[in-house]
Amino acid sequence: MFQHPGLNTLLFYVSLAVCLAGISYRVFTWFHDRVIHSNAGAAATLKRMGRGFIGFFRIPTGGQLPGLVRILVGQVLFQVHILKQNPLRWVMHLFICYGFLYLLIFHALDDLVTRTLFSGYEPTLHPFRFLRNLFGLILAAGLGIAVYRRSSVRSLREITGKGDWAALAILGVIVFSGFFLESTRILLPRMFDDMVRAYASDDPAEIAGLRAYWAKDFGVAFSGAPTSSVNPNRLDLGRMVHDDSCAFCHDRPDTAVAAWPISRMLQPMAGILNQIQADQILWQIHVLACFTGLALLPFTKFFHILATPVYRLVRAGRGEAADEKADAAAETCRILGLDACTHCGVCSRYCSVEPVYRIVGNPDILPSEKLRSLQFTAKKKNPPPGRMMGLAEGSFACTACGRCTDLCPSGIDLQELWTVSRADLIQTGYLDPYGWARTRSAAEWGSLLEHPSPAAPGASGHLGLTDRVETFWACVQCTTCTSVCPVVGASDDPESDLDMTPQQIMNLMRLQMKELALGARMVWNCVTCYQCQEHCPQGVRVADVLYELRNLAGERMKVHLRKPDRDGTR
Amino acid sequence: MKYAYFPGCKIPRHLPEYDRTTRAVLDRLGVRLAEIRFNCCGYPIRQQSFEASVFSAARNLALARRDHLTLLTPCKCCYGNLKHAEYWLKQRPNLRMAVNHRLAREGLHWNDDIRVVHLLTLLDEDLGEGMIRERVVKPLTGLQVAAHYGCHALRPFEVTQFDNPLSPTIFERLLAAAGATPVDWPLRLECCGNPLQGKNDRLSLNLMTRKLQDARHAGADVVATACTYCQLQFNRVKSEPVFQEKVQKYPPAVLVSVLLGVSMGLLKENRSEIS
């Protein structure tokens, strides 16, 4: 099954085709997907494409060239902004990036590049062999740091998903199969025999000499006699044959700083490895992993290699015009921004409301995960309600502090994305609890939320004030809370504006009929000024109770709205 | 004197002048600020989850505690929520245990030995008005200022321990130290309306304009604030089109740090720009 160049060539072209088709698709989505959901059809996509096409060619002519060059050098090539944030992360990223880039250009594409640039290039000659190993080690070190960070930093570990591990795994397989492949090529006599047949003499004495010489200086593990007992004449003959036939392409393999030590470790197993044609197996693994990486490039985080630089240049090159055309361009820019995300997790690690995520448990509270969800919902004209509700909860927990935007190494304007997507959620009917409360009357909510659902997540995490008679038993219904309430004071007709007054709510609590208050406008329009509580002559925690009612109502409404059979108001 | 500076979520992006002027004034007064990467104080999420709010606050307190620093915030809502969490952590051993269990995973621990102060308390108690007076080089003589107290530092007193909740004086004392003339106004302890911004704007703005009119009737040239959210709310007069023709009707809101900064000759803004 191995040594099937025709099949491998076919696989290569298939991978390349998948890669190019995938890239085309991703680029198409830049003009098709929408953060702001609307009924716009194919015409809008075409318009955005046209606009993007013109914009693309305007970038370098817009007079911002020095700025663009600065971005290209500073942020794309050297990534100084990452160095300033976290030197270890910078080392990791540059190691992976440049380790891989060298191997791609000078090793994978050696027939096209290296051989053209350097006459006399052979992969088995110094310094090419050394450099290939060195950059392989650099890439491996970068991957090692990545694995270490993703498994040891708590916040990073939590957001690291299959996609992140898969990307690391593909690169890991490529680099380590490469190391082992080269080490078996050094070690196993199979390759030697093939080469001798092709390039050297067929005189048995000369071959025996060459074998002895290669066993001694080139580390090939021939079966049979150990190298120490070889007579010097045979060795000299072998050296002569080597100088005549092999030396143009082969020098001593100990410059393979990674593969050489591995080949020494594998020496005891050389017999078995030779028998199972381990070099062939490893070669096939190496090549297939490379093809897989190529084919998956547009569908994994590897796509950021293209999307992030394009996004940075587009953002830097865009004007600030605010018209309809600019709106279309802004949408394109947003979708491109979603693709520019590398899922590095910095935003979530330092997110101001990350502790809220730890209690509430909705990943969409974290910017990196919210972005993933947006990427999903932006593709759909009518995104699934469950997904949108989760996104809404995450979006409304955001305090718009802008820290994610300041820290994002890809330079994504996350804050703008959150502002726009939050507005879109409200527009499409996915609200915060205050918004839910307004969709029904207090009486309707009262009957809908009568039975608390045990499924409400995090529902136990409150003070339990409303369940304890001690909270209310001192209440004498003196109406002080109502008379000092500024919300009541601002209304001409509190009964109809607010459903009930604070004192009436406290009375419902005394009667253990809190369900009737869960949707009351008084509860939801409380400004939390604590006048009621401060002035209560009986020490009733009026404002704290209103807070707890909103907590409870929010939890129960969430469960109610998620019920598939609800007679929805949306 | 060194404090762990807690600007909260809104200041850096939405009210940077509060940050800039607070730093300038504190620098002049010899106060050093430690920068710690805090998270949200937990005030906004308190509407949805008591537990998430308390945990958010506790983590900040524990971060300041790790560096043995007093936590200083210029925002009254942050202050109020940090004190709220502290209060309930002291009251409820089960809550304390659950929170500390979570904090322990990142090597943090909450204990009641961490002090939280609002900017006004730092100025008035830790430094003292005498020290402020010494630094005033351009007293705000003749400027009639209505001190707007904001709710969350003041009430509930049992939790916040800020000042007398029914007749506080701390803000007026500081304004007088800067040479201004505090005015007495009936609505000085009332809500600015910010909590309903974007939810019930009619009510939110109603509460705000009542306050501002009241301050004007009392003869105020400006309303002084010491809270991020209150200032953001009053700034709506300048930014929202509804008010375009009525801007002159209301006294402008000015941050306490701006008033002090001007009186200390630290800021480029001059008297005429304040009022």
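The structure presented is a predicted model; accordingly, all values stated were derived computationally and were not measured.

*Asks:* Which residues make up the overall build of chain A, and what are the values?
*Replies:* Across its full length, chain A holds 32 helices and zero strands. Relative to a compact globule of 570 residues, whose C-alpha radius of gyration would be 25 Å, chain A shows 34 Å and is clearly more extended. Seen along its three principal axes, the alpha-carbon backbone of chain A occupies a region of about 115 × 55 × 45 Å. The proportion of buried residues among the 570 residues of chain A is 50%. Contacts in chain A between residues at least 24 apart in sequence constitute 74% of all its contacts with a sequence separation of at least 6. Roughly 26,800 Å² of accessible area belongs to chain A as shown, and the carbon and sulfur atoms make up 63% of that amount.

*Asks:* Pulling in residues and values, what's your account of the pairing of strand 1 (residues 2–5) of chain B?
*Replies:* Residues and elements named next belong to chain B. Two strands pair when backbone bridges link them, and strand 1 and strand 2 (residues 32–35) are joined in this way by four bridges, in the parallel orientation. Pairing of tyrosine 5 across the sheet is with glutamate 35, part of strand 2. With three bridges connecting them, strand 1 and strand 3 (residues 70–73) associate as parallel partners. Paired with alanine 4 across the two strands is leucine 71, which belongs to strand 3.

*Asks:* If you had to explain a nonpolar patch on the surface to someone new, which residues and values would you point to?
*Replies:* All names here are of chain A. A contiguous nonpolar surface patch, about 810 Å² in accessible area, is contributed by Leu7, Leu10, Leu11, Val14, Val18, Tyr25, Phe28, Leu288, Leu296 and Phe299. Residue assignment for the nonpolar patch shows that the elements contributing at least two residues are helix 1 (5–32) and helix 15 (278–296). Counting residues per element, the nonpolar patch draws most heavily on helix 1, which supplies seven residues.

*Asks:* Explain the interface of chain A and chain B to me, using residue names and the numbers behind them.
*Replies:* Taken together, the contacts link 48 residues of chain A with 47 residues of chain B. Here chain A packs against chain B, burying approximately 4,300 Å² in sum over the two surfaces, 55% of which is carbon and sulfur. On the chain A side of the contact with chain B, A:Ile359, A:Leu463 and A:Glu534 bury the most area, a combined 15% of that side's loss. Summed over the shared surface of chain A and chain B, the number is three salt bridges. Residue B:Glu106 is joined to A:Arg358 by a salt bridge in which the shortest nitrogen-to-oxygen separation is 2.7 Å. The element contributing the most residues to the side of chain A that touches chain B is helix 19 (residues 354–360) of chain A, with five residues. Class assignment for the residues of the side of chain A that touches chain B results in 23 nonpolar, 15 polar and 10 charged.

*Asks:* Go over the side chain of A:Ser395, please, and point to the residues and values.
*Replies:* All names here are of chain A. Structurally, the position occupied by serine 395 is in helix 21 (residues 385–397). Serine 395 gets classed as buried once you look at its relative accessible area, which sits at 4%. With residues near it in sequence (within four places) discarded, serine 395 still touches Lys370, Arg422 and Leu425.

*Asks:* Tell me about the side chain of B:Thr73, residues and numbers included.
*Replies:* Residues and elements named next belong to chain B. For threonine 73, the position within the fold is in strand 3. Judged by relative accessible area, which is 0%, threonine 73 ranks as buried. Side-chain polar atoms of threonine 73 contact the backbone oxygen of phenylalanine 6, separated by 3.0 Å. In contact with threonine 73, not counting residues within four places along its chain, are Phe6, Cys78, Tyr79, Val117, His118 and Leu119.

About the thresholds
- Residues numbered from 1 in each chain as written.
- Chains lettered and ligands numbered in written order.
- Predicted model: local features only at pLDDT ≥ 70, side-chain atom pairs only at ≥ 80, totals over all residues.
- Heavy atoms only, no water.
- Helix = DSSP H or I, 4+ residues; strand = E, 2+ residues; numbered from the N terminus.
- Rg over C-alpha atoms; globule rule 2.2 N^0.38 Å.
- Buried < 20%, exposed > 50% of the residue type's maximum accessible area, 1.4 Å probe, protein only.
- Contact = heavy atoms within 4.5 Å.
- Areas by Shrake-Rupley, 256 points an atom, 1.4 Å probe, with all protein chains shown as cover.
- Pairing = 2+ DSSP bridges.
- Patch = residues over 30% accessible without salt bridge, like charges linked within 9 Å, V, L, I, M, F, W, Y side chains within 5 Å.
- Salt bridge = Lys/Arg side-chain N within 4 Å of Asp/Glu carboxyl O.
- Buried area = accessible area lost by both parts, 1.4 Å probe.
- Nonpolar A, V, L, I, M, F, W, Y, C, P; charged D, E, K, R; others polar.
- Polar contact = N/O pair within 3.5 Å; in protein donor to acceptor, adjacent residues only side chain to side chain.

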